[in-house]
Amino acid sequence: MARDPASAVSPVFSALRTFRRPWPLALAGLACTVLGLALAQTSFVPATVLSLGAGVLLAGIAVSRRFQTMSWELEDRAESAGLLALSAFVALLAFLGADKWDSGRVFLGALIIVALGASFVVLLPRTGRRVVASLLIVLHFAGIITAVTAVPPRNEPAPWLSMQIWTHFYRHYLTFAYLTNAYHFYSPDPGPPTLLWFHVEYADGSARWIKLPNRRESPVLLHHQRMLATAEMTHNPIYGLPLYPAQKEEWEKKFKRPYELLPGIPHDTGDVVVQRRQVAVSLPFVDPNDNRPAPIRLVEDEPSGMIGQYSEPQELCRRLLASYARHIARTSPHLEDRRIEVKAVRVYQVIHNLITPREYAEGRDPVQDQTTFVPFYMGKYDIDGRLLDPKDPFLFWHLPIVRLPQQYPEGDTHLFEHTPQLGPHKLVNFVEIHATQADKLLNPEGDE
């Protein structure tokens, strides 16, 4: 007796076939994301990440399957727009659940924007879709042109139009797509590279340095290049010192609104920042090489004065520095006993100056000469990436590595970083001095 082919289909296979359809997949993704959002309120981090990731992945598979099987009739396009809107909602829930994962939130935020934009585009007729696609391509390549032309030539300002377009339109997109670095190499004078030095301090009082990038620890050259790009992302400083009280008052009168150097971030005025740094000169730092006093003074031959010695990062760079500090704290166990916890991480942003042809001819080593490094103190962070010392007198100031006369600091010797020292001299690394002695001097009783 012949059997009905439909009756031969197992209920299990029928359920699987139903689950492979876009809407059940999207709803399953929504359920996983809701579960992950609930788990985010607990301490089950792996389960949270797994649930949120599975939800976003299922929503993405649903969208992919929908586009593989849909037609371009209006009814089908309307259903596809609804599915994309649901996927954007799934990404939004995942975004809310990933509140401690900065890079994940950036990625999910982009997914939300793309999904919502696509839900609008698929509703357009064919001509409208082609126009939108063409405009997006033109905008993308115009952004690349902006990234190339926004680099100022030597001793000249950047083109006004490029800077306006960069600041007010393209900045966030180009930063997210990371089209802000490599294209600069095709512009004149791309400038010196940026490095990051981390001084990791442990609960037993020991410490060690971790420096990025580190060519010796990179398994392949591409890894070294990526680490170099990672450090470069943190170098976007606010030009100059914060406004002084009189300048602040004048600014507020002119623009009719309260002055904020960085929106939402409490900030001292320029006179307070400078006073803290000048008071720091009196701190009794000691050169460990000869046990002499080593006050960390301001470099006096800096062409731009104090402004050139102060490098306060933009808001995005602050978030990146905090994220990097948190990552280093969680991935840098004690070398002898992994049970000893990380206490804090000091971060130094370092500009590695390129030597001139004349200096190279004089025998100066372009790699090993420590005076080519220009470090700035970016703060001390706990293992969760929270800045511990917002009032530190050295925060965002230059800590030089210089050659000084042997009698320093006797004889009223000053710091001239770029002036060759005649006669016997010594190399003084104020970064090392600051990293190892600042806590004892700023917090003599051990208070954070």
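This structure is a prediction, so every number in the text was calculated from the model and none was measured. (Residues numbered from 1 in each chain as written. Predicted model: local features only at pLDDT ≥ 70, side-chain atom pairs only at ≥ 80, totals over all residues. Heavy atoms only, no water.)

## Things to note about the overall build of the chain
So, point 1. Within the chain, the regular secondary structure consists of 13 helices and 10 strands.
So, point 2. A total of 448 residues make up the chain; the buried ones form 39% of that total.
So, point 3. Restricting the contact set of the chain to residue pairs at least 6 apart, pairs at least 24 apart contribute 67%.
So, point 4. Carbon together with sulfur atoms contributes 62% to the accessible area of the chain, which is approximately 26600 Å² in total. (Helix = DSSP H or I, 4+ residues; strand = E, 2+ residues; numbered from the N terminus. Buried < 20%, exposed > 50% of the residue type's maximum accessible area, 1.4 Å probe, protein only. Contact = heavy atoms within 4.5 Å. Areas by Shrake-Rupley, 256 points an atom, 1.4 Å probe, with all protein chains shown as cover.)

## Quick look at the pattern of salt bridges
Pairing between side chains becomes possible if they bear opposite charge and their charged atoms approach one another.
So, point 1. Throughout the structure, instances matching the rule amount to 13 salt bridges.
So, point 2. Its salt-bridge partner being Glu 312, residue Arg 318 comes within 2.5 Å of it at the nearest N-O pair.
So, point 3. Residue classification places Arg 318 among the buried residues on the basis of a relative accessible area of 17%.
So, point 4. When its relative accessible area of 1% is taken as the criterion, Glu 312 is described as buried.
So, point 5. Ionic pairing is found between Asp 369 and Arg 403, a salt bridge with its closest N-O pair at 3.4 Å. Of the two residues, Asp 369 is situated in the loop between helix H12 (357-361) and strand S8 (373-381) and Arg 403 in strand S9 (residues 401-405); the sequence distance between them amounts to 34 residues.
So, point 6. Given a relative accessible area of 34%, Arg 403 falls into the partly exposed group.
So, point 7. Three or more residues are tied together by salt bridges with common partners; here these are Glu 201, Arg 346, Lys 380 and Asp 439. (Salt bridge = Lys/Arg side-chain N within 4 Å of Asp/Glu carboxyl O.)

## Remarks on the sheet that holds strand S7 (residues 342-352)
So, point 1. Pairing is antiparallel across the open sheet formed by four strands, whose spatial order is S2-S1-S7-S8. Whereas interior strands pair on both sides, the edge strands pair on one side only; in this sheet they are strand S2 (207-212) and S8. With direction set aside, neighbouring strand axes in the sheet form an average angle of 20°.
So, point 2. Sitting on the sheet, helix H8 (residues 221-232) is in contact with strand S1 (194-202) and S2, with an inclination near 85° to S1.
So, point 3. Across the sheet, helix H13 (residues 430-442) lies against S1, S2, S7 and S8, angled at about 155° from S7, the strand it touches most. (Pairing = 2+ DSSP bridges. Axes fitted to C-alpha atoms, helices over the stretch in contact; angles between N-to-C directions.)

## Considering helix H6 (residues 126-149)
Because an α-helix packs 3.6 residues into every turn, residues spaced three or four apart end up facing the same way.
So, point 1. Its 24 residues place the ends of H6 35 Å apart at the C-alpha level, agreeing with the 34 Å of an ideal helix rising 1.5 Å per residue.
So, point 2. By the burial criterion, the buried members of H6 are Gly 128, Arg 129, Gly 143, Ile 144, Thr 146 and Ala 147.
So, point 3. On its buried face, H6 is in contact with helix H4 (74-97), helix H5 (102-121) and helix H7 (160-176). (Expected span 1.5 Å × (residues − 1).)

## Describing the nonpolar core
So, point 1. Phe 198, Val 347 and Phe 430 are the most contacted members of the largest nonpolar core, which has 52 residues in total.
So, point 2. Contributions of two or more residues to this core are made by S1, helix H10 (270-279), helix H11 (315-331), S7, S8, S9 and H13.
So, point 3. Looking at this core, the element that brings in the most residues is H11, giving seven residues.
So, point 4. When residues no more than four places from it in sequence are discounted, the contact partners of Val 347 are Leu 196, Trp 197, Phe 198, Leu 321, Ala 325, Phe 376, Tyr 377, Met 378, Gly 379 and Tyr 381.
So, point 5. Among the nonpolar cores identified, the runner-up in size contains 11 residues, and Leu 25, Ala 28, Leu 30 and Leu 93 belong to it. (Core = buried A, V, L, I, M, F, W, Y, C linked by side-chain atoms within 4.5 Å.)

## Overview of the pairing of S7
So, point 1. Along S7, 10 of the 11 residues are buried, which leaves the element largely enclosed by surrounding structure.
So, point 2. Bridge analysis of S1 against S7 gives nine bridges, and the strand direction is antiparallel. If you follow Tyr 202 over to S7, its bridge partner there is Val 342.
So, point 3. In terms of strand pairing, S7 meets S8 through eight bridges, oriented antiparallel. Its bridge partner lying in S8, Val 347 is registered against Gly 379.

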